[in-house]
Amino acid sequence: MNENHRFLDINHLNKSFGGLHAIKDVSFSIGKNEIVGLIGPNGAGKSTLLKLIIGLLKPDSGSIVFKREKIHKFHTWNIVNLGISGTFQNMRPFTALPVIANVKLSCLSSRIRKKGEWLKKIDTRALEVLEFVGISDQAFNKASALSQGELKLLEIARAVATEPELLFLDEPFGGLSPAETDLMAESIMQLHSGGQFNSMHKEGPAMVIIGHKLKQLVRIVERIIVLNFGEIIADNTPEVVMKDKLVIESYLGKGDV
Ligand SMILES: Nc1ncnc2c1ncn2[C@@H]1O[C@H](COP(=O)(O)OP(=O)(O)O)[C@@H](O)[C@H]1O
Ligand SMILES: [Mg+2]
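What counts, and at which threshold
Within every chain, residues take consecutive numbers counted from 1 along the sequence as written. Here the convention is simple: chains get letters from A, ligands get numbers from 1, in the order in which they are written. Local features in a predicted model are, by the rule used here, given only for residues with pLDDT of at least 70; side-chain atom pairs are given and counted only at 80 or more, and totals for whole chains, interfaces and linings are based on all residues. With hydrogens and water stripped out, all remaining heavy atoms of the structure feed into the side-chain values. Secondary structure elements follow DSSP: runs of H or I no shorter than four residues count as helices, runs of E no shorter than two count as strands, and numbering proceeds from the N terminus. Note on classification: 1.4 Å probe, protein chains only; a residue is buried when its accessible area is under 20% of the maximum for its type, exposed when over 50%, partly exposed between these limits. Residue contacts follow a heavy-atom distance rule, with two residues in contact if any of their heavy atoms lie within 4.5 Å. Areas reported here follow the Shrake-Rupley algorithm with a probe of radius 1.4 Å; residue values treat only the protein chains shown as occluding. Paired strands are those between which DSSP finds at least two bridges. Here a cavity denotes a set of grid points, spaced 1 Å apart and computed over the protein atoms alone, in which a 1.4 Å probe fits but from which it cannot get out, and a pocket denotes an open set meeting protein on both sides within 12 Å along at least five of seven lines; residues with an atom within 4 Å of a point are reported as lining. Grid points are joined across faces, edges and corners, and a volume is the space filled by probe spheres set on the points. By the convention adopted, Pro, Cys, Tyr, Trp, Phe, Met, Ile, Leu, Val and Ala count as nonpolar, Lys, Arg, Asp and Glu as charged, and the other residues, Gly among them, as polar. Note on terminology: a nonpolar core comprises buried Ala, Val, Leu, Ile, Met, Phe, Trp, Tyr and Cys residues joined through side-chain atoms within 4.5 Å. The cutoff for a nearby residue is simple: one of its non-hydrogen atoms must lie within 4 Å of the molecule or strand. As used in this structure description, the phrase polar contact means that two N or O atoms lie within 3.5 Å; if the pair is within protein, one of them must be able to donate a hydrogen and the other to accept it, and residues adjacent in sequence are counted only when both atoms belong to side chains. The angle between two axes is taken between their N-to-C directions and runs from 0 to 180 degrees, where each axis is a line fitted to C-alpha atoms and a helix contributes only its stretch in contact.

Asker: For the overall build of the protein chain, give the residues involved together with the corresponding values.
Answerer: When its secondary structure is counted, the protein chain shows eleven helices and ten strands. Within the span of the protein chain, comprising 257 residues, buried residues form 53% of the whole. Contacts in the protein chain between residues at least 24 apart in sequence constitute 67% of all its contacts with a sequence separation of at least 6. In the structure as shown, the protein chain presents an accessible area of about 11900 Å², 55% of it carried by carbon and sulfur atoms.

Asker: Please give an account of the sheet that holds strand β4 (residues 61-66) that cites residues and values.
Answerer: Ordered in space as β2-β1-β4-β5, the four strands form an open sheet in which the pairing is antiparallel. Of all the strands in the sheet, just β2 (20-30) and β5 (69-70) have a single pairing partner and so form its edges. Two elements, β4 and β5, share two bridges in a ladder whose sense is antiparallel. Paired with Phe66 across the strands is Glu69, a residue of β5.

Asker: Please provide a residue-by-residue account of the pairing of strand β10 (residues 231-236), values included.
Answerer: Judged from the five bridges that link them, strand β9 (residues 223-228) and β10 form a sheet pairing that is antiparallel. Across the sheet, Asn228 pairs through a bridge with Glu231, a residue of β10. Counting the residues in the hairpin turn of β9 and β10 gives two residues, including Phe229, whose phi is positive at 45°.

Asker: Describe the layout of surface pockets, with residues and values.
Answerer: Rolled over the atoms, a probe with the dimensions of a water molecule shows which regions are left empty. The calculated volume of the largest pocket comes to roughly 630 Å³. Along the walls of the largest pocket sit 23 residues, with Thr76, Gly86, Phe88, Glu155 and Arg158 positioned nearest its centre. Of all the secondary structure elements, the ones that give two or more residues to the lining of the largest pocket are α1 (46-53), α2 (76-82), β6 (84-87), α3 (99-107) and α7 (148-161). Residues that form the lining of the largest pocket fall into these classes: nine nonpolar, nine polar and five charged.

Asker: How would you summarise the nonpolar core if you had to cite specific residues and measurements?
Answerer: In terms of nonpolar packing, the biggest core is built from 45 residues, with Val103, Leu130, Ile188, Ile209 and Val226 touching the most fellow members. Top element by residues in this core is α7. It accounts for eight residues. Aside from chain neighbours lying at most four places away, what touches Leu130 is Val99, Ile100, Val103, Ile135, Ser136, Ala139, Leu154 and Ala157. With 29 residues, the next largest nonpolar core counts Leu8, Phe28, Leu49 and Ile64 among its residues.

Asker: Just give me the short version of unusual backbone geometry, but keep the residues and values in it.
Answerer: Positive phi, normally seen in glycine, also occurs at Arg68, with a value near 70°. Inspection of the secondary structure assignment puts Arg68 in the loop between β4 and β5.

Asker: Before we move on, could you go through the site of ligand 1 and cite the residues and values that matter?
Answerer: Around ligand 1, the structure places Phe17, Leu20, Ala22, Pro41, Asn42, Gly43, Ala44, Gly45, Lys46, Ser47 and Thr48. At a separation of 2.8 Å, an oxygen atom of ligand 1 approaches a polar side-chain atom of Lys46. Measuring from an oxygen atom of ligand 1, one finds a backbone N or O atom of Ser47 at 2.9 Å. The protein chains hide 60% of the 560 Å² of surface that ligand 1 would expose on its own. Counted by class, the shell around ligand 1 contains five nonpolar, five polar and one charged residues.

Asker: Explain the side chain of Glu165 to me, and be specific about the residues and the numbers.
Answerer: Residue placement: Glu165 occurs in the loop between α7 and β7 (166-170). Separated by 2.8 Å, the side chains of Glu165 and Lys67 make a polar contact.

Asker: Residues and numbers for the sheet that holds strand β3 (residues 35-39), please.
Answerer: As summarised here, the arrangement of the six strands in space is β6-β7-β8-β3-β9-β10, forming an open sheet in which the pairing is mixed. At either end of the open sheet lies a strand with only one pairing partner, and these are β6 and β10. Neighbour to neighbour, the strand axes of the sheet diverge by 15° on average, direction disregarded. Across five bridges, β3 lies against strand β8 (residues 206-211) in parallel orientation. Counted as the bridge partner of Gly37 is Ile209 from β8. Each of β6 and β7 touches α7; the most contacted strand, β6, lies at about 175° to it.

Structure (structure tokens):
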């Protein structure tokens, strides 16, 4: 058994919404230091998969194992405390609160509260995280004042503030301009390579970047998992995936890459 199989293991996962089989017998593993792209056309099941992993939805069958613990029956709160965090497509910040308060709330997960040091420095740390994603100038404005792109960055700041060991980003490039896309790619790579916001781990978190355009992902990930109609049709290096016949037929051939 390789090292991948001791970090995140998804085994034969299934999820249906009424008659719609949205996740079909999905199995894969993520290793401790990996950065992986999860792609697929709209409606492929990517966000559903993330919601299953983070405990917002429960699978019909199959298991999710993180650091040897079965987590698929856990509440989101417990899953975040174990070290998994993510951003979601439908962002739900507390819009009436200042931007920095949104980040501080995420800082307060219990695995961080254990670290008294961290709590004393919570204001500084929240500002550092906001600085890192590039919106510290908005720290004391209400979250409702943020643009769509800035809201995405706030979501990333909130996820980073929980000090994840495994971080999922759902469509981080969606709706961004080419310049913002480059900045986002840069931030993702920096976050992955350094443990600057983590009081417990030196290295950056393992990351899964969800997207529907291959182009944006190939330059930052080491491996790509392709989901199509709820099924994994490829799981390999970007070079191999881009030449995969099934991927080309079902996905790349459509031009929206
Ligand atoms: N809560 C839900 N109830 C019913 N159908 C859903 C629900 N969430 C997602 N779906 C359906 O499941 C499929 C996968 O959706 P989703 O995971 O959002 O895809 P993706 O993120 O890859 O675009 C779609 O057909 C979508 O309409
Ligand atoms: Mg989605």
